[in-house]
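# Descriptive structure summary
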Amino acid sequence: MNWSAKHRPEATRPATGAAAVRPGPTPSAVPSGNLRISNGLKEFLWLISDVPHGRVLDLGPVWQSTVSFFVDKGYRVSTEDLLRTWKDFLAAEEEGFRSAPVGADALRISPSVLADKFLENALQYPERSFHGVLAWDLLDYFDPEVAPRLMARLSHVLHPGGAMLAMFHSRPAERFHRYRVVDSQTVELLAASTIAVHSHVFQNREILGLFGEFRSSKTFVGRDQVREGLFLK
Amino acid sequence: MWRKPSEGKPSSEPDNLPVSAPIASQPIDPIPASRVPSQVQAAPSAPAAVTAAAPVARATSKISSGLKINGELSGDSDLYIDGEVHGKIRLGNTRVTVGPNGRVQADIEAREIMIDGNVEGNLKASESAHFGASSRVSGSVLTPRIGIDDGARLRGKVETTPKATARGSSATAKGRESADLQPVPASAAEGE
């Protein structure tokens, strides 16, 4: 998959009338109600469109609409609610710590050590298992020490040429949302009970560092200042 | 400019099949009619034979809460699990329902699979699979049609397969379709 080599029907469409159709992202990348026009999703679908019966990993909760959307297009979908799994993991660790006898080897461990332990059971897929990963905004909710380890694993399971869609808030998110695909350029934001607090606002250079193993990236900034990043491995 | 998007909880229709015996040697209660999901009506006590004039429902066996079964379950009776099952469940032409209290650590193979409890294992449904809001599933799902209620938790792979064509008339198949399960186009139905 290659951004420059792929044919873009939109970019070559002639302008009609006074309002020229401009190539590139749809200008109205702004939420309408709970719906969000997502240029990132549109681009993501375009990038994985070359792979017949490709495999997509959704790191959010499982939704009928998202699964149906991809299955109807011939993709195989895997879901793993990573944030929920992380929360459950932390709760179990906390419980283990509390139940450990005083003086036992129950010292609190660093986030990076926790991350390594977490990844012993999470994201257990063979190398190059997926052609696309929908990470939504979950990286904002992980400790900055944990995110790089997650990214390393995600990069491992992503096929070369595969794409990842991630979102980054420019300020701490006011509400915790989940995302589901409505159509090829629309995602629905569903307010959900907070299972994790917003951990970190990533700067652009941090994002680039996080995706250092990827060969190219493209970012769309919405009027709500949410940055949709599309990363090509 | 981009691909067009396109987007069913299986209603259950009793099959006109003879009532079968419970599928396991452990005590399995016939499920009370009031607790049988959807439209499946259980026979309170299994009749010895079914006459042609009487409306017939497929027997639903129940593994009640508190029961624990280790091993392989097979047969041709619908099964409702509200207890624990470890092993393997192979009920090819039937419906398997895991109730809210059900805990299953087994691969499940059935015509219809409906989950409201906890399942760790791979699911293979020849007709449809449905995950209720309280379902917790860890494993891969192989089915022609899938229904997922909001709140369901699935950790694993969803893959579609062509619907089995050898069994049942098209009218029967149509009758089982409902709103929230999406038929999968043939183009999407391809396995690994």
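Above this text you will find the structure in question.
Residues numbered from 1 in each chain as written. Chains lettered and ligands numbered in written order. Predicted model: local features only at pLDDT ≥ 70, side-chain atom pairs only at ≥ 80, totals over all residues. Heavy atoms only, no water.

### Notes on the nonpolar core
For soluble globular proteins, nonpolar side chains are generally found buried alongside one another. Filter applied, for reference: Buried residues of nine kinds, namely Ala, Val, Leu, Ile, Met, Phe, Trp, Tyr and Cys, make up a nonpolar core once their side-chain atoms join them within 4.5 Å. The buried label goes to any residue with under 20% of its type's maximum accessible area, the exposed label to any with over 50%, and the partly exposed label to all in between, with areas taken from a 1.4 Å probe on protein chains only. Contacts between residues were defined by any pair of non-hydrogen atoms, one from each residue, lying within 4.5 Å.
Within the largest apolar cluster, 54 residues are counted, with the highest numbers of intra-cluster contacts made by Phe44(A), Phe70(A), Ile89(B) and Phe131(B). With residues up to four places along the chain from it excluded, the contact list for Phe44(A) reads Val56(A), Phe70(A), Gly132(A), Val133(A), Leu134(A), Ala163(A), Met164(A), Leu165(A) and Leu230(A). Ranked by size, the runner-up nonpolar core spans 39 residues in total, among them Leu59(A), Leu138(A), Leu158(A) and Ile207(A).

### Focus on the packing of aromatic side chains
Residue and element names in this part refer to chain A. Test applied: Here a pair means two rings of Phe, Tyr or Trp (six-membered ring of Trp) with centres within 6.5 Å. Their orientation is stacked below 30 degrees between planes, edge-to-face above 60, and tilted elsewhere. A run of H or I in DSSP counts as a helix once it spans at least four residues, and a run of E counts as a strand once it spans at least two, with each numbered from the N terminus.
Under the definition given, this model contains 14 aromatic pairs over all chains. Ring geometry for Phe 214 versus Phe 231: centroids 6.4 Å apart, planes at 75°, classification edge-to-face. Of this pair, Phe 214 sits in the loop between α6 (204–210) and β9 (216–221) while Phe 231 sits in strand β10 (residues 227–232); the two residues are 17 residues apart in sequence, bridging distant segments of the chain. With a relative accessible area of 9%, Phe 214 lands in the buried category. Classification of Phe 231 by relative accessible area gives buried; the value is 2%.

### Brief notes about the layout of surface pockets
What counts, and what does not: Each cavity reported here is a set of points on a 1 Å grid over the protein atoms alone in which a 1.4 Å probe fits but cannot get out, each pocket an open set with protein on both sides within 12 Å along at least five of seven lines, and each lining residue one with an atom within 4 Å of a point. Grid points are joined across faces, edges and corners, and a volume is the space filled by probe spheres set on the points. Polar here means any residue outside two lists: the nonpolar Ala, Val, Leu, Ile, Met, Phe, Trp, Tyr, Cys and Pro, and the charged Asp, Glu, Lys and Arg; Gly therefore counts as polar.
Considering only enclosed or pocket space, the largest pocket measures out at about 500 Å³ in volume. Lining the largest pocket are 22 residues, with Arg136(B), Val137(B), Ser138(B), Arg153(B) and Arg155(B) positioned closest to its centre. Looking at the lining of the largest pocket, the elements that each hand over two or more residues are α3 (82–99) of chain A together with β5 (84–98), β6 (103–115), β7 (118–120), β9 (136–138) and β12 (153–160) of chain B. Grouping the constituent residues of the lining of the largest pocket by class yields 7 nonpolar, 6 polar and 9 charged.

### Topic: empty space enclosed by the protein
Residue and element names in this part refer to chain A. Taken as a whole, the largest cavity encloses approximately 80 Å³ of empty space. For the largest cavity, the lining is made up of 13 residues, of which Gly 60, Trp 136, Asp 137, Leu 138 and Arg 178 are closest to its centre. Classifying every residue of the lining of the largest cavity by side-chain character gives 8 nonpolar, 2 polar and 3 charged.

### Here's the deal with the packing of α3(A) against helix α4 (residues 111–118) of chain A
Residues and elements named next belong to chain A. Note the cut-off: As a rule, the C-alpha atoms of each element are fitted with a line to give its axis, helices using only the stretch in contact, and angles between N-to-C directions run from 0 to 180 degrees. Roughly parallel means an angle under 35 degrees; roughly antiparallel, over 145; roughly perpendicular, 65 to 115; everything else is oblique. Crossing handedness: left-handed means the near helix sits turned counterclockwise from the far one by under a right angle, and right-handed means the same turn made clockwise.
Interaxial distance between α3 and α4 falls to 11 Å at its minimum, and their mutual angle equals 110°. The angle between α3 and α4 falls in the class roughly perpendicular. Between α3 and α4 lies a crossing of right-handed hand. Residues Leu 82, Thr 85, Trp 86, Phe 89, Leu 90 and Glu 93 of α3 touch α4, and the partners they reach there are Leu 114, Ala 115, Lys 117 and Phe 118. Tallied by class, residues from the contact of α3 with α4 come to 7 nonpolar, 1 polar and 2 charged.

Just distances and angles here, no functional claims.
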